[in-house]
Amino acid sequence: MNDAEFDPILLEVLWSRMISIADEVGTSIARTGFSTVLRENHDYSCGVFDHTGTMMAQSSQSATGHIGAMPYLARELLAHPVTKSMKPGDVFVTNDPWIGCGHNNDMYIGAPAFRGDQLVGLVITSAHQMDIGGRLASPHSRQVYEEGILLPPVKLYRAGVPNDDVIDIMRLNVRFSDKVLGDIRAQVAATAVGCARLVRVMGEYGMDSFVPLANAIVERTERQMRAAIGQLRPGIYHGSAELEEKGDDGSPLVAKVAVEVKSDRVLVDFTGTSPQVEKPINCVLNYTRAYTVLGFKLALAPFLPNNDGSYRPIEIVAPKGSLLNAEFPAACHWRHFVGLRLPDLLFRTLGDAIPEAVLAGSGACPVWLFTMAGYRRDMSPFLLNAHAMGGLGARPDKDGISTVTFPPNVRDIPAEVIETETPLLVECREYRPNSGGAGKTRGGLGERLTIRARAEGDLHPQKDVVISVFPGRLRKPAQGLFGGHDGGLGTVMVNGVASTHDRLGNESVLAPGDELTYRTPGGGGYGHPFHRDVDDVVTDVRRGYVGVDEAREVYGVALDPETYVVDVEATALLRADRADDVDAAQPAVGTP
């Protein structure tokens, strides 16, 4: 099959096969991974490429930062000298943040697919390794050297034979080498599965090359993405977000964006964004690209399959040396603190242009990633990588989802697994009432997560548990849209006492018996609360999401505190008395 023109039915069949292959690769990682990061969090991604490095499909379960960087990584990998003499059975590895998606823990492993002696495709996987050496996710790192081992693109396997030199270097530099190397081998095995499936498809359909299929997939995706962009009113839309962390000189850190809509394409310019800092929150350009494109896809074409065609109509500019295009050797382990805010920033920037397609501010941006490390009684170490999740911003026609990992698209670890894998006890995990911003549609709720270092368990009695976290929305809430209220702020507490650290990213310690509590932020509301259907307010009160007092004061709904029956007359008066407030609701901040 050499013709670039495909029968629509055949194209759908082959396109679906590519997605199925990517999904099988992902399932292989989840089933064979050693760490909870892969087995439970699913913090990985998988991409299927033709031999030129054009991405045809990604796995349905994909960490958005990983997969967003993958099209750029594939091209860089193919341009690197190490791939110039590829052979069947070769496997390549790199965790260079400036080639991948921005921090050392994300390990990219790729393998060429050969049909006989002909290179026909590539399968690339990425996975967050639970440990990569260095200062163990320290929020105090100033340079990337402190954040763990760095590997340029090198051969992990040569013609099917392990490169023991590289493997020994990794083994010596990480704390949990059995699990880390087990996860890496899971990635290697998964890429082998993907390569075998690609070759099988070629045989089944008599294909000589994947290039015609890749071109057809990408061209159709690009055409649909351009059509979606074409629905925007041409012009330049400006937005900015002041971050909660300070720069090296103590000044506020700011992300600025100008979105220029030009017919069926956009230019996204982050000029004016603050310079990179000596803190581990810097974003490399690939990470910025990933979450910029994701923001547009979610707003304009959320159900469009992701491949190279999604990226082509979007040009991204970020000044070198800025927070969003940091230069080596900037520290970047906690880059999500800045990067995950980009979809949120773009939604607000485009709010006036497409109010029916954007979310209010999300308490889930950024998700609270955290680690807890310590020792058991026998001095064996343990490490927990987990998430505390805020509420999604309200949607134009639906409430925000409560406690969600948005936008990374990963799962969290169940309490039972935390208690099996570590000597820690999950005392509580529940929704935070009244944390979702009020609105016509309500912001998603945050959560209260309490973890105790069990003094009576297997925890070493003389060793503290070290916690590393870089939370967000402790000082600046997720903003509401079009009159919607802001979401609730987050709080970090140890033994019931709120943290008073000047900087957000900090290491804390738990002695045996101590408790850590995260109260995560809620999402912003959309539209004025007085426009919310009364029955929806009653349902929220019955479910414990909203209190009776808030129903009255914020939503203008009077309820009997015992029966939750609506006082219709009092409700009508409450809403009538404050009708001017409804009319004065403010629109989104993005303006052309």
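Because the structure is predicted, anything quoted here is derived from the model rather than measured. (Residues numbered from 1 in each chain as written. Predicted model: local features only at pLDDT ≥ 70, side-chain atom pairs only at ≥ 80, totals over all residues. Heavy atoms only, no water.)

### Brief notes about the environment of Glu-40
Link 1 in the chain: Mapped onto the fold, Glu-40 is located in the loop between helix 2 (36–39) and strand 1 (44–50).
Link 2 in the chain: On the basis of relative accessible area, Glu-40 is assigned to the buried category, the value being 17%.
Link 3 in the chain: C-alpha separation for the pair Glu-40 and Ala-30, spaced 10 residues apart in sequence, amounts to 7.7 Å. (Helix = DSSP H or I, 4+ residues; strand = E, 2+ residues; numbered from the N terminus. Buried < 20%, exposed > 50% of the residue type's maximum accessible area, 1.4 Å probe, protein only.)

### Considering the layout of surface pockets
Link 1 in the chain: Put simply, the largest pocket is a space of about 940 Å³.
Link 2 in the chain: Looking at the largest pocket, it is lined by 33 residues, and the ones nearest its centre are Leu-294, Lys-297, Leu-298, Pro-302 and Phe-303.
Link 3 in the chain: Those elements giving two or more residues to the lining of the largest pocket turn out to be strand 2 (55–58), helix 3 (64–79) and helix 7 (285–300).
Link 4 in the chain: Considering each element in turn, the lining of the largest pocket owes the most residues, 6 residues, to helix 7.
Link 5 in the chain: Among the residues forming the lining of the largest pocket, the class breakdown is 21 nonpolar, 9 polar and 3 charged. (1 Å grid on protein atoms, 1.4 Å probe; cavity = no way out; pocket = protein on both sides within 12 Å on 5 of 7 lines; lining within 4 Å. Points joined across faces, edges and corners; volume = space filled by probe spheres on them. Nonpolar A, V, L, I, M, F, W, Y, C, P; charged D, E, K, R; others polar.)

### Brief notes about the packing of helix 7 against helix 9 (residues 342–349)
Link 1 in the chain: In contact at an axis separation of 8 Å, helix 7 and helix 9 are set at 45° when each is read in the N-to-C sense. One finds that helix 7 runs oblique with respect to helix 9. The hand of the helix 7/helix 9 crossing is right-handed. In this structure, helix 7 contributes Thr-288, Tyr-291, Thr-292, Gly-295, Phe-296, Leu-298 and Ala-299 to the contact, and helix 9 contributes Leu-342, Pro-343, Leu-346 and Phe-347.
Link 2 in the chain: Grouping the constituent residues of the contact of helix 7 with helix 9 by class yields 8 nonpolar, 3 polar and no charged. (Axes fitted to C-alpha atoms, helices over the stretch in contact; angles between N-to-C directions. Parallel < 35°, antiparallel > 145°, perpendicular 65-115°, else oblique. Left-handed = near helix turned anticlockwise from the far one by under 90°. Contact = heavy atoms within 4.5 Å.)

### Details of helix 3
Link 1 in the chain: For helix 3, with 16 residues, the first-to-last C-alpha span of 24 Å sits near the 22 Å given by 1.5 Å per residue.
Link 2 in the chain: Considering bend angle alone, the principal kink of helix 3 is centred on Met-70 and spans about 45°; proline Pro-71 follows within four residues of it.
Link 3 in the chain: The buried fraction of helix 3 is high, at 13 of 16 residues. (Expected span 1.5 Å × (residues − 1). Bend = angle between axes of the 7 residues up to and from the residue.)

### Let's talk about the sheet that holds strand 18 (residues 497–498)
Link 1 in the chain: Pairing is antiparallel across the open sheet formed by 5 strands, whose spatial order is 14-15-20-17-18. Lying at the two open borders of the sheet, with one neighbouring strand each, are strand 14 (424–431) and strand 18.
Link 2 in the chain: Relative to strand 20 (residues 515–519), strand 17 (residues 491–494) runs antiparallel, the two being bridged by 4 bridges. Across the sheet, the residue bridging to Val-492 is Tyr-518, located in strand 20. (Pairing = 2+ DSSP bridges.)

### Describing the pairing of strand 12 (residues 368–375)
Where a strand is regular, its side chains alternate between the two sheet faces.
Link 1 in the chain: Among the 8 residues in strand 12, 6 count as buried, and that is most of the element.
Link 2 in the chain: Bridge count between strand 12 and strand 13 (residues 381–388): 8 bridges; the pairing is antiparallel. When the bridges of strand 13 are listed, Met-372 appears paired with Leu-384.
Link 3 in the chain: With antiparallel pairing between neighbouring strands as the criterion, strand 12 and strand 13 make up a hairpin whose turn holds 5 residues, including Met-379 at a positive phi of roughly 70°.
Link 4 in the chain: Looking at chain direction, strand 12 and strand 16 (residues 465–469) are connected through 4 bridges and run antiparallel. What sits directly across from Thr-371, in strand 16, is Ser-468.

### Considering empty space enclosed by the protein
Link 1 in the chain: For the coordinates displayed, the defined rule picks out 4 cavities of 30 Å³ or more.
Link 2 in the chain: Its volume calculated, the largest cavity comes out at about 390 Å³.
Link 3 in the chain: Of the residues forming the lining of the largest cavity, the biggest block, 4 residues, is contributed by strand 13.
Link 4 in the chain: Grouping the constituent residues of the lining of the largest cavity by class yields 17 nonpolar, 12 polar and 4 charged.
Link 5 in the chain: Looking at the second largest cavity, its volume works out to about 50 Å³.
Link 6 in the chain: Surrounding the second largest cavity, Leu-156, Tyr-157, Ile-167, Met-170, Leu-181, Ile-184, Arg-185 and Val-188 form its lining.
Link 7 in the chain: Looking at the lining of the second largest cavity, the elements that each hand over two or more residues are strand 6 (154–158), helix 4 (164–173) and helix 5 (177–205).
Link 8 in the chain: A total of 4 residues in the lining of the second largest cavity trace back to one element, the largest contributor, which is helix 5.
Link 9 in the chain: Of the residues contributing to the lining of the second largest cavity, the split by class is 7 nonpolar, no polar and 1 charged.

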